[in-house]
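# Breakdown of the fold
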Amino acid sequence: EAGVAQSPRYKIIEKRQSVAFWCNPISGHATLYWYQQILGQGPKLLIQFQNNGVVDDSQLPKDRFSAERLKGVDSTLKIQPAKLEDSAVYLCASSLVLRGPSTDTQYFGPGTRLTVL
Amino acid sequence: AQSVSQHNHHVILSEAASLELGCNYSYGGTVNLFWYVQYPGQHLQLLLKYFSGDPLVKGIKGFEAEFIKSKFSFNLRKPSVQWSDTAEYFCAVNSGGGADGLTFGKGTHLIIQP
């Protein structure tokens, strides 16, 4: 089974530039998450999609970050304009179960390491 | 709001030593608890999870964790570590039906010396 795919793996930009990250979840996974992991910290949830609808974007800095999930499959996360403090690894994860008596596993991609200069 | 606290940020052990990594969470409702591991150069992957039932959970590679509700704790244990256990370990929590986003601790960097 193919895992969560992300691209690019690395990106270096100047502050105030724009950048976009792409994620392809595991086939059939209804739920998709974007996390931000700053060096020395654990991942922090930015946004959660269920199919192509947003479930939780309470921690997404909406003045500069945006995300969409096309046709309930692939997703893109955009930053415009980038700030120095956006330097981090951006992780995409997906899971299968929508709701149920058990808790599903989130499968993580390799991440995109963003450096803002 | 949920929060997760991992007490040990860096741990160095010798091979065959026993391991216990502490994790405490803050949340008043029903929670699901997870330990994820990130080996050098690899993705985050699930070690084990708890959502109900037996509070002693067994995971992959000989790891186990015990949920103690009265202490809001979910400590990770392994009786005898190997050099290949060198990695970053993250405790995480979510609530609700199980599909909610995870709240992670800051992680513990474990180094096993041969």
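Summarised in this report is the structure supplied together with it. (Residues numbered from 1 in each chain as written. Chains lettered and ligands numbered in written order. Predicted model: local features only at pLDDT ≥ 70, side-chain atom pairs only at ≥ 80, totals over all residues. Heavy atoms only, no water.)

A word on the overall build of chain A. Within chain A one finds 0 helices and 11 strands. What you see in chain A, going N to C, is helices and strands ordered as β-β-β-β-β-β-β-β-β-β-β. Relative to the compact-globule value of 13 Å for 117 residues, chain A shows a C-alpha radius of gyration of 14 Å, a close match. Each principal axis of the C-alpha distribution contributes one length, and for chain A these read about 45 × 25 × 25 Å. For chain A, restricting intrachain contacts to residue pairs at least 6 apart in sequence, the fraction spanning at least 24 positions comes to 54%. With the model as given, the accessible surface of chain A reaches about 5800 Å², and the carbon-plus-sulfur share is 51%. Positive and negative side-chain charges in chain A, numbering 13 and 10 respectively, have mean positions lying 4 Å apart. (Helix = DSSP H or I, 4+ residues; strand = E, 2+ residues; numbered from the N terminus. Rg over C-alpha atoms; globule rule 2.2 N^0.38 Å. Contact = heavy atoms within 4.5 Å. Areas by Shrake-Rupley, 256 points an atom, 1.4 Å probe, with all protein chains shown as cover. Lys, Arg positive; Asp, Glu negative; His and termini not counted. Charge placed at Lys NZ, Arg CZ, Asp CG, Glu CD.)

So, on to the overall build of chain B. The helix and strand tally for chain B stands at 0 helices and 12 strands. Along the chain direction, N to C, the helices and strands of chain B fall in the order β-β-β-β-β-β-β-β-β-β-β-β. Its C-alpha atoms give chain B principal-axis dimensions of roughly 40 × 25 × 20 Å. Taken over 114 residues, chain B has a buried fraction of 46%. Counted over contacts in chain B with a minimum sequence separation of 6, partners at least 24 positions apart contribute 55%. Counting every atom, chain B has about 5300 Å² of accessible surface; 53% of that belongs to carbon and sulfur. (Buried < 20%, exposed > 50% of the residue type's maximum accessible area, 1.4 Å probe, protein only.)

This next bit is on the pairing of strand E5 (residues 44-50) of chain A. Burial analysis of E5(A) places 5 of its 7 residues in the buried class, the great majority of the element. The hairpin formed by strand E4 (residues 31-37) of chain A and E5(A) contains 6 residues between the paired strands, and A:Gly40 there has a positive phi angle of roughly 90 degrees. (Pairing = 2+ DSSP bridges.)

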